[in-house]
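Chains, contacts and geometry: an overview
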Amino acid sequence: MIYLNGKFLPIEQAYIPVLDRGFIFGDGVYEVIPVYSCLPFRLDEHLARLQHSLDGIRLANPYTVSHWRSLIESLVAQNEGGDQYLYLHITRGTARRDHAFPAGVEPTVFMMSTPLAIPGQELLTTGVAAITAQDNRWGRCDIKAISLLPNVLLRQLAVDACTMETILLRDGLLTEGAASNIFIVRNDVLLAPPKDHRMLPGITYDLILELAAANAITHEIRDISEYELRTAKEIMLTSSTKEILPIVRLDGQPVGSALPGAVFRQLNELYQNYKATVMRG
Ligand code: PMP
């Protein structure tokens, strides 16, 4: 079952008018929320980021936080089963095609649930490969916008190269992955690029930094140069659906010892423990 504009219905029966501004202009925002054992993970944080994205495109939030919570609870209950992730999508609605905002139009609200397959133990043990590319996206990467064509093209480069992710560089600095945030380790310090318009403020990124702070893992939030990325001892990616993954090859070169590093292992253990604690309630 999916949710569309006030109704729960089977996905085969869900239709969007062709003049929806999401279809015509990519004029909308989205969220991806993991759900473990029926419990949405970091839901408040995801709903706060949704509000930030809506504010960024000047679209009023169609629902209150408590209404979102009850809709999400119903959707999860109707898709019972194992771990899942919710995809939540809001567009500026359907109107005659004109770039400027239409007046008096209801937004389109869509939510669906998909089974969640987090990376298996093998990837955590062997690590994954990544490539780099120039970050050619727009100047508001902090908005989780549905217009994802640059991310699609950049991520396809990773797939074409048989790797997991494309790590992006803008003006000689690390920004993030095509669909993830990136951390590195140098001189035993965990480094993260600052949250600004150049990257999406990842919910997992925040959690990793919270865990690092609570567990005396030395860390610093600052610009990271291409040289620092390429000579890092460890590189890791984070996202709600991939959690935390070690990157052991970059553009075909080994990262550090080409094995998942000690800081990755510590952070992953802390992350898994945190998740287990939250799920136990
Ligand atoms: N950056 C980009 C561009 C993303 O698409 C994502 C999510 N897939 C992330 C970062 C990670 O964000 P989160 O931890 O909230 O999933």
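Residues numbered from 1 in each chain as written. Predicted model: local features only at pLDDT ≥ 70, side-chain atom pairs only at ≥ 80, totals over all residues.

Looking at an unreviewed UniProt entry, the chain carries the name Aminotransferases class-IV, with the source organism given as Nitrosomonas mobilis. Recorded under Sequence similarities (unreviewed entry), the UniProt text for the chain is reproduced unchanged: "Belongs to the class-IV pyridoxal-phosphate-dependent aminotransferase family." One UniProt comment on the chain, placed under Cofactor (unreviewed entry), says "pyridoxal 5'-phosphate". (UniProt positions renumbered as here; feature names shortened; annotations may be inferred.)

Things to note about the domain arrangement of the chain
By the assigned domains, the chain splits into domain 1 (2-115) and domain 2 (121-280). Domain 1 and domain 2 are separated by 26 Å when their C-alpha centres are compared. Contact residues are listed per partner, giving 22 residues for domain 1 and 15 residues for domain 2. Taken together, the elements giving at least two residues each to the side of domain 1 that touches domain 2 come down to β3 (28-36), α2 (43-56) and β5 (84-91). (Domains from an automatic or database assignment. Contact = placed C-beta atoms within 7 Å. Helix = DSSP H or I, 4+ residues; strand = E, 2+ residues; numbered from the N terminus.)

A look at helix α6 (residues 203-214)
An ideal rise of 1.5 Å per residue puts 16 Å on twelve residues; α6 measures up with 17 Å between its terminal C-alpha atoms. Just downstream of α6 lies A216, where phi reads positive at about 55°. (Expected span 1.5 Å × (residues − 1).)

Some remarks on the nonpolar core
In this structure, A130, F183, I184, I208, M236 and I247 are the most contacted members of the largest nonpolar core, which totals 39 residues. Among the elements that make up this core, the one with the highest residue count is α6 (six residues). (Core = buried A, V, L, I, M, F, W, Y, C linked by C-beta atoms within 7 Å. Buried ≥ 20, exposed ≤ 12 C-beta atoms within 10 Å, placed from the backbone.)

Quick word on the packing of α6 against helix α8 (residues 262-280)
The interhelical angle for the contact between α6 and α8, taken along N-to-C directions, is 105°, at an axis separation of 10 Å. Judged by the inter-axis angle, α6 sits roughly perpendicular to α8. For the pair α6 and α8, the contacting residues are I208, L211 and A212 in the first and L267, L270, Y271 and Y274 in the second. Looking at the contact of α6 with α8 residue by residue, the classes come out as seven nonpolar, no polar and no charged. (Axes fitted to C-alpha atoms, helices over the stretch in contact; angles between N-to-C directions. Parallel < 35°, antiparallel > 145°, perpendicular 65-115°, else oblique. Nonpolar A, V, L, I, M, F, W, Y, C, P; charged D, E, K, R; others polar.)

Structural notes on the site of the ligand
Within the structure, the ligand sits among 14 residues, and L200, G202, I203, T204 and S240 are positioned closest to it. Of all the secondary-structure elements, those providing two or more residues to the shell around the ligand are α6 and β13 (234-239). In terms of residue count, the dominant contributor to the shell around the ligand is α6 (three residues). (Near = placed C-beta within 6 Å.)

Things to note about the pairing of strand β7 (residues 128-134)
Sheet topology note: the β7/strand β14 (residues 243-250) ladder contains three bridges and is parallel. Across the sheet, residue A129 finds its bridge partner in β14, namely R249. Note: β7 against strand β8 (residues 165-170), five bridges, orientation parallel. Within β8, the position partnered with T132 by the bridge is I167. Of the crossover connections in this fold, the one passing from β7 over helix α5 (residues 149-160) to the parallel β8 is right-handed. (Pairing = 2+ DSSP bridges. Right-handed = clockwise from strand over helix to strand, strands pointing away.)

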